[in-house]
Structures are given as C-alpha cells and as structure tokens.
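# Reading the structure
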Amino acid sequence: MQVIDDNRCFVCGKENPVGLKAEFIVDPELRKAETTVKIPEVFQGWQGITHGGIISALLDEICAQACMASGLQIVTSELKIRFRSPLPTGSTVKVFGEVVGERRRIIDVKGRMELDGKVVAEADVTMFRT
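Bear in mind that the values here come from a model prediction, so they are computed numbers and not experimental data. (Residues numbered from 1 in each chain as written. Predicted model: local features only at pLDDT ≥ 70, side-chain atom pairs only at ≥ 80, totals over all residues. Heavy atoms only, no water.)

Here we have six strands laid out as an open sheet, ordered β1-β2-β4-β5-β6-β3, and antiparallel in their pairing. If you trace the sheet from one side to the other, it starts and ends with β1 (25–27) and β3 (74–83), each paired once. Strand-to-strand twist across the sheet, computed as the mean angle between neighbouring axes with direction ignored, equals 20°. Bridging between strand β4 (residues 92–103) and strand β5 (residues 106–115) involves nine bridges; their strand directions are antiparallel. When the sheet's bridge partners are listed, Arg103 is paired in β5 with Ile106. (Pairing = 2+ DSSP bridges. Helix = DSSP H or I, 4+ residues; strand = E, 2+ residues; numbered from the N terminus. Axes fitted to C-alpha atoms, helices over the stretch in contact; angles between N-to-C directions.)

Now the structure itself:
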C-alpha cells in the first residue's frame, strides 16, 4: 500500500480549509515529534469543551509524525486514548509523540497532550509500516 500526502490532512494539511494546520518540530535521531496548537471553539463537543475526536486526531497525528521523522511510511493500526481532564476550547496545547518500540512491521508510539504543563490526554498507538 502506498500512502500519498496531498496536503489536505485535517490536522496538518495546509490545503485543508477547515483543518488545524499544525506544524511539527521533529527529531529523527530521537524519533520524537512535537507541536503547539490552538483549539478553535468550533471543535467543541459539550459547550466550551474540546471534542474528544479532535484530541484523538492530534494524538494520532503526533505519533505518525514521530514515525515519519525517521523515514518510516506508516498507517495507524490501533489507537488507545486516556482522557485525563476536559480541555476547554480556545486553549493552546502542546502535543508530543515518541517511538518507543519496533518489531517487524509494527511500531509502538506514545503520545501526550499538555495544557499549561498538565497532561490532559495520553495515547498508546500501534503503527503499521506500509
């Protein structure tokens, strides 16, 4: 399977008119990635609270970016999220991802999202090398 980047990814695509347009700092040697994103109010679930799907998408993407930083072409196989606290819309969050293991075509990655230094969500992600 070949995956093609057409610059319309919801999280990072510059050509997606409704996306987050996240920009990433990556470290290929440490297999890490990070980004800072402001969550617009339009991405709410409950009033004033960021929808869990938006949080999940950001954690999924940061983990993919950590893999791609070291040249891996991957897709998500499994995504396990732990929501630690509600995230108010309008917040600016920091999101981190790090490759923590690799076996054959499976890559294990951890992600976390922080607001003012406090973890609001964490992810264990299994990526599949294409």
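What follows covers unusual backbone geometry. Positive phi values are uncommon outside glycine, yet Asn7 reaches one of about 70°. Looking at the element boundaries, Asn7 is found in the segment before β1. What makes Asn7 partly exposed here is its relative accessible area of 29%. Its identity is not glycine, yet Arg31 carries a phi of approximately 60°, on the positive side. The residue Arg31 is located in the loop between β1 and β2 (32–38) in this model. (Buried < 20%, exposed > 50% of the residue type's maximum accessible area, 1.4 Å probe, protein only.)

So, on to helix α1 (residues 52–69). The end-to-end C-alpha distance of α1, which contains 18 residues, comes to 26 Å, matching closely the 26 Å that a straight helix rising 1.5 Å per residue would cover. In terms of burial, α1 is largely enclosed, as 13 of its 18 residues are buried. Once α1 ends, the next one or two residues include Gly71, with phi positive near 90°. (Expected span 1.5 Å × (residues − 1).)

Take it as geometry only, folks, not as evidence of what the structure does.
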